[in-house]
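A structural walkthrough
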Amino acid sequence: MRTGPDAFALLDIALATLRGEVLPNVAPEGRYAALMVADALDIAGRELRGFDASGHAMLAALAPLYGEDADDTLAGDELRTRVEALQHRLCIEIAAGDFDHDGQDVLMDALEAIVRARLVIANPKAA
């Protein structure tokens, strides 16, 4: 049984330490790299915390393309696997030209919803 901080807390501690104690002491030539590491930790934390909400938004956008229902009961790895499979299928179909004539409006709506869901994780200020 785990008694210490969980993954979320560890990311928070690492990010706070990096920003509060490490970054102020980083030489100017290393500052950009250190800021990129801080941003990566921040994005990873948001993804871990918010993937289910974003994943459901992506699933809701993708499922209608294939005549499927968005399964609201999926969570965690099952949700991630389902979204990734549908995204992979969509990429193959776009590359094959399956949406070149019919379904472009539905495709564009789905892509916009996917981008918005990803943006919430990658850059919430822009969302």
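As a starting point, this report considers the structure included with it. (Residues numbered from 1 in each chain as written. Predicted model: local features only at pLDDT ≥ 70, side-chain atom pairs only at ≥ 80, totals over all residues. Heavy atoms only, no water.)

**What about the layout of surface pockets?**
The computed volume of the largest pocket comes to approximately 170 Å³. As for the largest pocket, its lining consists of Glu 47, Phe 51, Met 58, Arg 80, Val 83, Glu 84, Gln 87, Arg 118 and Ile 121. For the lining of the largest pocket, the leading source of residues is helix 3 (residues 76-95), giving 4 residues. Considering only residue class, the lining of the largest pocket consists of 4 nonpolar, 1 polar and 4 charged. (1 Å grid on protein atoms, 1.4 Å probe; cavity = no way out; pocket = protein on both sides within 12 Å on 5 of 7 lines; lining within 4 Å. Points joined across faces, edges and corners; volume = space filled by probe spheres on them. Helix = DSSP H or I, 4+ residues; strand = E, 2+ residues; numbered from the N terminus. Nonpolar A, V, L, I, M, F, W, Y, C, P; charged D, E, K, R; others polar.)

**Description of a negative patch on the surface**
Taken together, the side chains of Asp 69, Asp 71, Asp 72, Asp 77 and Glu 78 define an acidic patch exposed on the protein surface. Within the fold, Asp 69 resides in the loop between helix 2 (28-62) and helix 3. (Patch = residues over 30% accessible without salt bridge, like charges linked within 9 Å, V, L, I, M, F, W, Y side chains within 5 Å. Areas by Shrake-Rupley, 256 points an atom, 1.4 Å probe, with all protein chains shown as cover. Salt bridge = Lys/Arg side-chain N within 4 Å of Asp/Glu carboxyl O. Lys, Arg positive; Asp, Glu negative; His and termini not counted. Charge placed at Lys NZ, Arg CZ, Asp CG, Glu CD.)

**Points about the packing of helix 2 against helix 4 (residues 104-122)**
Helix 4 packs onto helix 2 with a crossing angle of 165 degrees between their chain directions and a minimal axis gap of 8 Å. Relative to helix 4, the element helix 2 is oriented roughly antiparallel. The two elements helix 2 and helix 4 meet at a crossing, and its hand is right-handed. Two secondary-structure elements touch here, helix 2 through Ile 43, Arg 46, Glu 47, Gly 50, Phe 51, Ser 54, Ala 57, Met 58, Ala 61 and Leu 62 and helix 4 through Ala 110, Ala 113, Ile 114, Ala 117, Arg 118, Val 120, Ile 121 and Ala 122. Its residues assigned to classes, the contact of helix 2 with helix 4 shows 13 nonpolar, 2 polar and 3 charged. (Axes fitted to C-alpha atoms, helices over the stretch in contact; angles between N-to-C directions. Parallel < 35°, antiparallel > 145°, perpendicular 65-115°, else oblique. Left-handed = near helix turned anticlockwise from the far one by under 90°. Contact = heavy atoms within 4.5 Å.)

**Re helix 3**
For helix 3, with 20 residues, the first-to-last C-alpha span of 29 Å sits near the 28 Å given by 1.5 Å per residue. All of the buried residues along helix 3 are Leu 79, Val 83, Leu 86, Gln 87, Leu 90 and Glu 93. Looking down the long axis of helix 3, one finds its buried residues gathered within 125 degrees of arc, a one-sided arrangement. Across helix 3 from its buried face, at more than 90 degrees, point the exposed residues Asp 77, Glu 78, Thr 81, His 88, Cys 91 and Ala 95. Where the residues of helix 3 are buried, they touch helix 2 and helix 4. Phi turns positive one or two residues past the end of helix 3, at Gly 97, with a value near 85 degrees. (Expected span 1.5 Å × (residues − 1). Buried < 20%, exposed > 50% of the residue type's maximum accessible area, 1.4 Å probe, protein only. Arc of directions from axis to C-beta.)

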